[in-house]
Amino acid sequence: MNYYLHFLVEESDGYLHLPKTFSPEYRFAEDCSYDLDLLRWGAGRLLELAAEQGIKEPSEPLIPVWQNLKAKLVATHVNETGRMIGRDVSLTGSHRHWSHLLAIYPLRTLTPERREDRELIEWSLNHWHGFGRPMAGYSVTGGACMAALLGDGERAFDFLSRLKSYLHPNTLYSEASVLPVIETPLHGATAIQEMLLQSWGERIRVFPAVPRVWRDVQFDRLRCEGAFLVSARREHAVTTWVDVAAEVGGSVQVQPRLIDPQWSASRDGNQDGLLGDRVEMP
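Our subject in this report is the structure included herewith. The structure presented is a predicted model; accordingly, all values stated were derived computationally and were not measured.

1. So, helix α4 (residues 115–128)
Between its terminal C-alpha atoms α4 stretches 20 Å, which fits the 20 Å expected from 14 residues at 1.5 Å a residue. Within α4, the full set of buried residues consists of Asp-117, Leu-120, Ile-121, Ser-124, Leu-125 and Trp-128. Along α4, the residues classed as buried sweep out an arc of 125 degrees about the axis, all on the same side. In the core, the buried residues of α4 are packed alongside β5 (78–79), β6 (82–83), α5 (137–149) and α6 (153–161).

2. A few points about the side chain of His-77
Topologically, His-77 is positioned in the loop between α3 (63–72) and β5. At 2.9 Å, the side chain of His-77 forms a polar contact with the side chain of Asp-31. If near-sequence neighbours (up to four positions away) are discounted, His-77 is found in contact with Asp-31, Gly-82, Arg-83, Met-84, Gly-86 and Arg-87.

3. With respect to the sheet that holds strand β7 (residues 197–200)
If you walk across this open sheet you meet the three strands as β7-β8-β12, and the pairing is mixed. Each having just a single partner strand, β7 and β12 (253–255) make up the two edges of the open sheet. The sheet shows a mean angle of 15 degrees between the axes of neighbouring strands, direction not considered. Bridge count between strand β8 (residues 203–206) and β12: three bridges; the pairing is parallel. Considered in β12, the bridge of Arg-205 is made with Gln-255. Its contacts with the sheet put helix α7 (residues 183–196) on β7 and β8, and the angle it makes with β7 is roughly 80 degrees.

Cut-offs applied
Residues numbered from 1 in each chain as written. Predicted model: local features only at pLDDT ≥ 70, side-chain atom pairs only at ≥ 80, totals over all residues. Heavy atoms only, no water. Helix = DSSP H or I, 4+ residues; strand = E, 2+ residues; numbered from the N terminus. Expected span 1.5 Å × (residues − 1). Buried < 20%, exposed > 50% of the residue type's maximum accessible area, 1.4 Å probe, protein only. Arc of directions from axis to C-beta. Contact = heavy atoms within 4.5 Å. Polar contact = N/O pair within 3.5 Å; in protein donor to acceptor, adjacent residues only side chain to side chain. Pairing = 2+ DSSP bridges. Axes fitted to C-alpha atoms, helices over the stretch in contact; angles between N-to-C directions.

Written out as structure tokens, the structure reads:
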């Protein structure tokens, strides 16, 4: 954050802009989306951490700098292709990285909760994968994670299925006759977890993007933001139970995908329940 503060320039429109930086494996661009997304997330997260720790001015003199950056950083550029690489630079060909889509995943500073944001995510994802090959394995795992964020389990499953011809029996991956690597299989495992459980925006989403072919699914003690451990089971395409345990307490909303959920109280009778579906926490 401190490094990039030296490059930001306030232009006549009143917003902070970046000179040319490099979007990984694509090209140089002013107001590069890759950098803007990271800066916007970084400023917001630093302010959240300061608030969580009770840190204020003057003990942290950079707080007003982060506030100014969050308020005045130029918006990511968008046109008929969706999110652009940067100012005056669109994605015009196959690109294996989703460097211009970091706000969608993994930063989740752009989420589908508002209709116009959902449309932009769908638009940008479709354009990115609209050029066909050559792509890479993590292009499809990235696509799977974005589809899961949209709640589209069928498309997420379709993306993951494209890995089959590249995977080896030992779970390694290779393409174009190069040596096998592990990065794509690890992200493939992450994509599966994103289909089973998501934790963002102070809400736990259970089975948010499960495809129809996964009729029987169970996971045990996957970790969510805030030190919540979640276990759940689906049988015959119906969620039968969800268990949420809090290691440090606190409140969170839960979206359980249950039919007529009946939540049980914690063992010690603590009534500091969760918001939303009122899960009682130990």
